[in-house]
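Given next are the chains, with one letter for each unit.
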Amino acid sequence: MSTSPEVAAGAAPRPRVAIGRAVFGRPGSVRRPISFLLASCIVASLLSPAFLSVRNFGAILTSSSFLVVAAVGEALVIMLGMIDLGLESVLAAGGMFAAWLAVFHGIPAAPTVLLTLCAGAGTGAAVGLLVTRGRIPSFIVTLGTYWGIRGVALLFNGGNYISPDSTTPPHALGFSGLAGDVGGVSLLILIAVTVVALGQIVVSFTPIGSWIKTVGSNENAARSVGLSTDAIKIAVFSTSGLLAALGGVMVTAWQNSIYPLTGEGDSLAAIAGVILGGIPFTGGRGSIVGAALGVLVIGVINDVIVLVGLPARYQYIFVACVLILAGLQARSGRWTK
């Protein structure tokens, strides 16, 4: 195996590599999403001075909270070297299921949320079983989940939205308190921060995190050391389903209503955020905090679209641009090696 003269002689890295490391850090470093977030905030502040207000920052964090939670599950899946395209459908169906239980059946908040999370986890476990036992690529299985679970969301109220006014007399959503605040800080933000913190702890400080990264890096090597790769994949997809369902409960509480098509485009937004956060499609490395920061970049973009008065449909164009940027950013890893 040959060694470059720079490495053999202990020389300083080339200027391009040194600059890349200073800006982005090493591949998987949290410096990358921080750099993108700072750059997007600077551009946003130039386009609209209103962006810099404390109230606006709070609005961005609140409106991004449910996508951040769902993206934590997506991040774990991508660390495995796989993908979950069904995230937005599970999110919408989870919200519809929770609202259906609360509004039409009067189920109290705690059982409603628990049943919704169990349904999301069960859906993810079924996906994991199809991937592992059925040996079907995750892309195909989760594409099927995208369409199938979207159909389930449409069935809950005949394709109509659900709100407290969907019944006569109106019946409040018992879990709408999740959209309240504590000490002036939105509970939705606190939930998202808690999920991100727990996810980072699992990835960085527990054997489970090491197992996920090992499977993503080299599945055969993981098997050779005795890891149950199938069980790990099922657990990760189950976690992704659970967190997507939690995101659905959060957005329903925030809007005080839910539409079957809620979350449309969130799968791509979450994937873009995860890749911007430094987790490569090949898996094996990255951080949950980085993925959350990557999602906030998407949140900043959506906020600027509103502040400058562009139609909401421009979101899709900008998310497409961010996806391409994410791919270029992933290739920039060669500048930091």
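Residues numbered from 1 in each chain as written. Predicted model: local features only at pLDDT ≥ 70, side-chain atom pairs only at ≥ 80, totals over all residues. Heavy atoms only, no water.

J.: Can you explain the environment of Asn 302? Please cite residues and give values.
T.: Note on placement: Asn 302 falls in helix H13 (residues 288–307). For Asn 302 and Ser 64, which are 238 residues apart along the polypeptide, the C-alpha to C-alpha distance reads 9.6 Å. (Helix = DSSP H or I, 4+ residues; strand = E, 2+ residues; numbered from the N terminus.)

J.: For unusual backbone geometry, give the residues involved together with the corresponding values.
T.: Geometrically, the link from Thr 168 to Pro 169 is a cis peptide bond, its omega value of 0° lying close to zero. Mapped onto the secondary structure, Pro 169 falls in the loop between helix H7 (138–155) and strand E1 (181–182). For Arg 135, which is not glycine, the phi torsion reads 55° and is therefore positive. Among the structural elements, Arg 135 can be located in the loop between helix H6 (109–132) and H7. Phi angles above zero are rare outside glycine, and Asn 256 is one such case at about 60°. By secondary structure assignment, the location of Asn 256 is in the loop between helix H11 (229–255) and helix H12 (266–276).

J.: Explain the layout of surface pockets residue by residue, including any values.
T.: Over the atoms rolls a probe the size of a water molecule, and in doing so it shows where empty space is left. Reported here for the largest pocket is a volume of approximately 600 Å³. Along the walls of the largest pocket sit 24 residues, with Ser 63, Phe 66, Asp 266, Asn 302 and Gln 315 positioned nearest its centre. Contributions of two or more residues to the lining of the largest pocket are made by helix H4 (54–79), H11, H12, H13 and helix H14 (314–331). Looking at the lining of the largest pocket element by element, the count peaks at seven residues for H4. When its residues are assigned to classes, the lining of the largest pocket shows 12 nonpolar, nine polar and three charged. Of the pockets and cavities examined, the second largest pocket occupies roughly 350 Å³. Considering the residues around the second largest pocket, the lining is formed by 18 residues, among which Ser 40, Val 43, Ile 301, Phe 318 and Val 322 are closest to the centre. Elements with a minimum of two residues in the lining of the second largest pocket: helix H3 (31–47), H13 and H14. Per-element tally for the lining of the second largest pocket: the top contributor is H3, with six residues. Grouping the constituent residues of the lining of the second largest pocket by class yields 17 nonpolar, one polar and no charged. (1 Å grid on protein atoms, 1.4 Å probe; cavity = no way out; pocket = protein on both sides within 12 Å on 5 of 7 lines; lining within 4 Å. Points joined across faces, edges and corners; volume = space filled by probe spheres on them. Nonpolar A, V, L, I, M, F, W, Y, C, P; charged D, E, K, R; others polar.)

J.: Now, about the pattern of salt bridges: what can you tell me, with residues and values included?
T.: Within the structure shown, the criterion is met by five salt bridges. Across the pair Arg 150 and Glu 88 runs a salt bridge whose closest N-O atoms are separated by 3.1 Å. Separated by 62 residues along the polypeptide, Arg 150 in helix H7 and Glu 88 in helix H5 (residues 87–105) bring together distant segments of the chain. Of the two residues examined, Arg 150 and Glu 88, each falls in the buried class. Residue Lys 233 is joined to Glu 219 by a salt bridge in which the shortest nitrogen-to-oxygen separation is 2.8 Å. (Salt bridge = Lys/Arg side-chain N within 4 Å of Asp/Glu carboxyl O. Buried < 20%, exposed > 50% of the residue type's maximum accessible area, 1.4 Å probe, protein only.)

J.: Which residues make up a nonpolar patch on the surface, and what are the values?
T.: On the surface, a nonpolar cluster with roughly 640 Å² of combined accessible area is contributed by Val 43, Leu 47, Leu 307, Val 308, Leu 310, Tyr 314, Ile 317 and Phe 318. When contributions to the nonpolar patch are tallied by element, the ones reaching two or more residues are H3 and H14. Residue contributions to the nonpolar patch peak at three residues, all from H14. When you line up the elements, Val 308 lands in the loop between H13 and H14. (Patch = residues over 30% accessible without salt bridge, like charges linked within 9 Å, V, L, I, M, F, W, Y side chains within 5 Å. Areas by Shrake-Rupley, 256 points an atom, 1.4 Å probe, with all protein chains shown as cover.)

J.: I'd like a description of the nonpolar core, backed by residues and values.
T.: Phe 175, Leu 246 and Ile 288 are the most contacted members of the largest nonpolar core, which has 83 residues in total. Sort the elements by how many residues they give to this core and H4 lands first, with 13 residues. Excluding its chain neighbours within four sequence positions, the residues that come into contact with Ile 288 are Val 72, Ala 75, Leu 76, Met 79, Val 196, Gly 199, Gln 200 and Val 203. (Core = buried A, V, L, I, M, F, W, Y, C linked by side-chain atoms within 4.5 Å. Contact = heavy atoms within 4.5 Å.)

J.: Please provide a residue-by-residue account of empty space enclosed by the protein, values included.
T.: Scanning all chains against the criterion turns up one cavity of 30 Å³ or more. In this structure, the largest cavity spans a volume of roughly 50 Å³. Lining the largest cavity, in full, are Asp 84, Val 90, Thr 123, Gly 124, Val 127, Thr 142, Thr 145, Phe 237, Ser 240 and Gly 241. Only H6, H7 and H11 provide two or more residues apiece to the lining of the largest cavity. Tallied by class, the residues present in the lining of the largest cavity amount to three nonpolar, six polar and one charged.

J.: Account for the packing of H6 against H11, with residues named and values stated.
T.: The contact between H6 and H11 brings their axes to 7 Å, and the two run at 145°. H11 is crossed by H6, and the crossing has right-handed handedness. Every residue of H11 that contacts H6 at Val 113, Thr 116, Leu 117, Gly 120, Ala 121, Gly 124, Ala 125, Val 127, Gly 128, Leu 129, Val 131 and Thr 132 is listed here: Asp 230, Lys 233, Ile 234, Phe 237, Ser 238, Gly 241, Leu 242, Ala 245, Leu 246 and Val 249. Class assignment of the residues belonging to the contact of H6 with H11 gives a composition of 13 nonpolar, seven polar and two charged. (Axes fitted to C-alpha atoms, helices over the stretch in contact; angles between N-to-C directions. Left-handed = near helix turned anticlockwise from the far one by under 90°.)

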